[in-house]
Amino acid sequence: MKRLGVNIDHVATLRNARGESHPDPFNAAKFVKINGADSITIHLREDRRHINDFDAKKICSIKNLLVNLEVSINKDIIKKALRIKPNYICIVPENRNEITTEGGLNLKQNKNKLKYIISLFKKKKIRTSLFINPSLKDVLLAKELGSDCIELHTGRFANLIKSKKDIKKELIRIKKSSKLANDNGIKVHAGHGLDYRSTKILSKIKEIEEFNIGHFIIGESIFYGIKTVIRNFKKIIR
Ligand code: PXP
C-alpha cells in the first residue's frame, strides 16, 4: 500500500499573508491526519517563509502523527531539527531566491557533509531521506551516504505533463532510479509538482512507496475541501 504525505507548508503561507494566527498549521496537521494522510511534511526553511520553529515544535508534539521535516544542510537548521526530533527527515537543497525547491541535492559536492548529517539523524533513530533528481549516479551516491530513503524530484516530470510534452524519457529515468534504489535496499519516495494526472502515472511504479504532495492539495482544497482531495489521492495511489 503506497502512502500519502501531505505537505502543509502553504497553510502557513496563507496564515503569514495576514500576519495573524489563522489558518493554523497545527490544526491543519491534525485535520489532514484524521482525513487520511499517512504523514505530514513541513519544510523549516532558512528564511522561515512559511513554517516557523514554533509550528515545527508544536506539530512534532502531536501524538500518533508521523512528521517528515524537510531541512537544508545549514548548520543551525540541522541543530534545530535534531532538537525538534521529527519521525522522518528529508534533506533538500535550498536557495533563498527560489520560489520552491528547484531540483535535487548536489550529492557529489556535499558528500562529506551529507554523510555526517545522515549519521547524526540515524543516531537519533530518525528515518533519513535525500531529495534527489532521478539519476542512477545519485541513487548510488545516496546508498554510499547511508540514507534510508530517497525522494525523487518529480518536478520535471510534472511540468512535462502540465505542458503536454513527451514524458517518455523522464518517466524511464524515474522508473530506472526507483528500481536501482529498491535493488540496493533504499526506500523510494516521490514528490514535487504532482497533481492527479502525474500521480496516477507514477503510482504504477511499484517501487515508489510514498508520495509527498503539497501545493496542488492545498490549492485544490479551496474548491473541493481537503478531505475530498486527500480521498481522491488515496484512491489514485492505492
Ligand atoms: N517533496 C519535497 C522534498 C519538497 O521540497 C516539496 C516542496 O516543498 C514537495 C515534496 C511538495 O511539492 P509540491 O508542493 O509541489 O507538491
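Whatever comes next refers back to the structure up there.
The paragraphs below set out a description of the structure included in this document. (Residues numbered from 1 in each chain as written. Predicted model: local features only at pLDDT ≥ 70, side-chain atom pairs only at ≥ 80, totals over all residues. Heavy atoms only, no water.)

So, the pattern of salt bridges
Moving on, step 1. This structure, assessed with the given rule, holds 17 salt bridges.
Moving on, step 2. Taking the shortest distance from any N to any O, the salt bridge between aspartate 53 and arginine 48 comes out at 2.5 Å.
Moving on, step 3. Relative accessible area serves as the criterion here: at 25%, arginine 48 is assigned to the partly exposed category.
Moving on, step 4. Between glutamate 170 and arginine 156 there is a salt bridge, with its nearest N and O atoms 3.1 Å apart. Here glutamate 170, found in helix α8 (residues 168–183), pairs with arginine 156, found in helix α7 (residues 155–162); they are 14 residues apart in sequence, far enough to count as distant.
Moving on, step 5. We classify glutamate 170 as buried; its relative accessible area is 4%.
Moving on, step 6. One network of salt bridges, in which partners are shared, links Arg3, Arg127, Lys187, Glu209 and Glu210. (Salt bridge = Lys/Arg side-chain N within 4 Å of Asp/Glu carboxyl O. Buried < 20%, exposed > 50% of the residue type's maximum accessible area, 1.4 Å probe, protein only. Helix = DSSP H or I, 4+ residues; strand = E, 2+ residues; numbered from the N terminus.)

Observations concerning helix α2 (residues 25–34)
Moving on, step 1. Pro25, Phe26, Ala28, Ala29 and Val32 are the residues of α2 that are buried. Buried residues of α2, viewed axially, fall in a sector of 160 degrees; they line one side.
Moving on, step 2. Buried positions along α2 lie against β1 (3–7), α1 (9–18), β2 (39–43), α3 (53–60) and α11 (226–237).
Moving on, step 3. Positive phi appears at glycine 36, one or two residues downstream of α2, with a value of about 110 degrees. (Arc of directions from axis to C-beta. Contact = heavy atoms within 4.5 Å.)

Observations concerning the environment of lysine 137
Moving on, step 1. Secondary-structure assignment places lysine 137 in helix α6 (residues 136–145).
Moving on, step 2. Distance in space between the C-alpha atoms of lysine 137 and leucine 107 is 9.5 Å, their sequence separation being 30 residues.

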